[in-house]
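Descriptive analysis of the structure
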Amino acid sequence: MEASAEAQSRFEAVIANEQRVEPRDWMPEAYRATLVRQIAQHAHSEIIGMQPEGNWLTRAPSLRRKAILLAKAQDEAGHGLYLYAAAETLGVDRAELTEKLIDGRQKYSSIFNYPTLTFADVGVIGWLVDGAAICNQVPLCRCSYGPYARAMVRICKEESFHQRQGYELLMTLMAGTDAQRRMVQDAVDRWWWPSLMMFGPPDGASPNSERSMAWRIKRHSNDELRQRFVDMTVPQAEHLGVTLPDPALAWNEERGSWDFGEPDWSELMQVIKGQGPCNAQRVDRRRAAHEDGAWVREAASAYAVKHGRGKGSAE
Amino acid sequence: MSGERASWPLYEVFVRPRRGLNHVHVGSLHAADDRMALLAARDLYTRRNEGVSLWVVRSDAITASSPDEQDPFFAPSGDKVYRHPTFYPIPEDVPHI
């Protein structure tokens, strides 16, 4: 689409004045494409993110824990749908995004390619993974694209429950037996570095960050958010009585922040490329759910057509 | 697989948070028919007592003003400052007005 100079300057004024871009406004194609990619990847992450914890639904140690875990998985499905709806306002189709996910043409957060080996992982995912997600997501509530920002407000409200239930689960285990405490420490050891990688590559290696920040899609750099997460998490780890597996972790009086070690970026690149422990399993599971659900979608469409209560599947 | 695409219409969802308030637009969803849209809207947008009433409306049933026409479309109200109470100077010692 050829932009008139007037449309371009109106768009830039909206961004500069901290107003929101809305679906039918003119916007640069690169802005639209960046948002579609980011929102779709975010939506896919919520949907795939149900799997690692879903692994423990049938084996939760009590009815209370099971109800909580179910509610959390339902929230994640809901968050995925809010985000797909936001993506659709940019002119893409949800079904097409699902196809791209299961064809491997669109990505989701690498964190979900790690396995959940014990029930302590459920707690650590809530505490660290959802905690990191909150750090990333809170600034997105002020993203320049209106529908995405509004979806994020809704998501952030619900995400706090996810983090707190995780921390409470871990406090319960830490008050238990030595074996339970070891289980927590083992889960922390496995999830700490992948959680730090959730903020993306270091600023120097994150080519699109600068443009996203100019467009006010993104508000803080990857490294800033990572530092904020570490600073928030260290006192929580101390309170819990676990050790974060980083010998370089040390308080820096001058900066008023925690120094920490460098994540293994080659591991992140491997997982992004599909070589993580669970990449194939996650996508296979999503594909199977999609294909196994086809008859339900067809039946609902047929029912709608028969009763004249919806357009149904006319195509 | 592509035959399934876009098969269900889009609905806009409106929630009345509690008695005495208007229904407010909260988002959208796809459903095969009105009933399914209502059930999905309940599951998606009111998991934590966010509402006491829901409306779902087919998106293609909504007629909207276009942002591109914004200036001329809303122009008629732009120059009618006399519609606002502050247009009328009243001496400060006149009470209750």
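Quick notes on the rules
Residues numbered from 1 in each chain as written. Chains lettered and ligands numbered in written order. Predicted model: local features only at pLDDT ≥ 70, side-chain atom pairs only at ≥ 80, totals over all residues. Heavy atoms only, no water. Helix = DSSP H or I, 4+ residues; strand = E, 2+ residues; numbered from the N terminus. Contact = heavy atoms within 4.5 Å. Areas by Shrake-Rupley, 256 points an atom, 1.4 Å probe, with all protein chains shown as cover. Patch = residues over 30% accessible without salt bridge, like charges linked within 9 Å, V, L, I, M, F, W, Y side chains within 5 Å. Salt bridge = Lys/Arg side-chain N within 4 Å of Asp/Glu carboxyl O. Buried < 20%, exposed > 50% of the residue type's maximum accessible area, 1.4 Å probe, protein only. Phe/Tyr/Trp six-rings, centres within 6.5 Å; stacked < 30°, edge-to-face > 60°. Lys NZ or Arg CZ within 6 Å of the ring centre and 35° of its normal. pLDDT = per-residue confidence, 0-100. Pairing = 2+ DSSP bridges. Axes fitted to C-alpha atoms, helices over the stretch in contact; angles between N-to-C directions. Polar contact = N/O pair within 3.5 Å; in protein donor to acceptor, adjacent residues only side chain to side chain. Core = buried A, V, L, I, M, F, W, Y, C linked by side-chain atoms within 4.5 Å. Expected span 1.5 Å × (residues − 1). Bend = angle between axes of the 7 residues up to and from the residue.

1. Some words on the overall build of chain B
Helices and strands together make up the secondary structure of chain B, namely 2 helices and 3 strands. Overall, chain B shows an N-to-C arrangement of helices and strands of β-β-α-β-α. In chain B, 43% of the contacts between residues at least 6 apart in sequence involve partners at least 24 apart. Accessible surface computed for chain B: about 7000 Å², of which carbon and sulfur atoms make up 56%.

2. Quick look at a nonpolar patch on the surface
All names here are of chain B. Judged by side-chain polarity, V81, Y82, F87, Y88, I90, V94 and I97 come together as a nonpolar surface patch covering roughly 710 Å² of accessible area. In this fold, Y82 is placed in the segment after helix 2 (70–74). Owing to a relative accessible area of 43%, Y82 belongs among the partly exposed residues under this scheme.

3. Looking at the packing of aromatic side chains
Residue and element names in this part refer to chain A. According to the stated counting rule, one finds 14 aromatic pairs over all chains in the structure shown. Seen in terms of ring centroids, W56 and F119 are 6.0 Å apart; in terms of plane orientation they differ by 75°. Their pairing is edge-to-face. In this pair, W56 is assigned in the loop between helix 3 (50–54) and helix 4 (63–88) and F119 in helix 6 (residues 119–137), connecting sequence segments 63 residues apart. The class for F119 is buried, based on a relative accessible area of 11%. The cationic tip of R59 hangs over the ring face of W56; the distance from NZ or CZ to the ring centre is 4.3 Å. Here the guanidinium or amino end of R154 rests over the ring plane of Y82, the centre of that ring lying 5.5 Å away.

4. Considerations on the confidence of the model for chain B
Residue and element names in this part refer to chain B. Put simply, chain B has an average pLDDT of 88, and 89% of its residues get 70 or more. Taken element by element, chain B is modelled with least confidence in helix 2, mean pLDDT 75, and with most confidence in strand 3 (residues 53–58), mean pLDDT 97. We note a pTM of 0.91 for the whole complex and an ipTM of 0.86 for its interfaces.

5. Observations regarding the sheet that holds strand 2 (residues 24–30) of chain B
All names here are of chain B. With antiparallel pairing, the 3 strands of this open sheet are ordered in space as 2-1-3. Both edges of this open sheet fall to strand 2 and strand 3, since each of them pairs with a single strand only. Within this sheet the neighbouring strands show an average axis-to-axis angle of 30°, counted without direction. As paired elements, strand 1 (residues 10–16) and strand 3 share 6 bridges and run antiparallel to each other. In the strand pairing of strand 3, Y11 is matched with R58.

6. Examining the pattern of salt bridges
This model, assessed by the stated rule, comprises 25 salt bridges over all chains. Here B:R47 makes a salt bridge to A:D75, at a shortest N to O gap of 2.9 Å. Residue B:R47 is located in the loop between helix 1 (34–45) and strand 3, and its partner A:D75 is located in helix 4; the two belong to separate chains. Owing to a relative accessible area of 23%, B:R47 belongs among the partly exposed residues under this scheme.

7. Considerations on the environment of A:Y84
Residue and element names in this part refer to chain A. Relative to the assigned elements, Y84 resides in helix 4. A sequence separation of 79 residues divides Y84 from Q163, and the C-alpha atoms of the two residues are 23 Å apart. With near-sequence residues (within four places) excluded, Y84 lies in contact with A43, H44, I47, R94, L97 and L101. Here H44 takes part through its side chain, which lies 2.7 Å from a polar atom of the side chain of Y84.

8. A look at the nonpolar core
Among the nonpolar cores identified, the biggest contains 91 residues, and A:Y31, A:W127 and A:Y145 are the most heavily contacted of them. For A:Y31, the residues in contact, after removing those within four places along its chain, are A:F11, A:I15, A:V21, A:S144, A:Y145, A:W215 and A:I217.

9. Describing helix 6 of chain A
Residues and elements named next belong to chain A. The terminal C-alpha atoms of helix 6 lie 26 Å apart, and with 19 residues this matches the ideal 27 Å at 1.5 Å per residue to within 8%. At I125, helix 6 shows its largest kink, close to 35°. Counting buried positions along helix 6 yields 18 of 19 residues, so the element is predominantly enclosed. Of the residues flanking the start of helix 6, the one acting as N-cap is T118, its side-chain oxygen 3.2 Å from the backbone nitrogen of A120.

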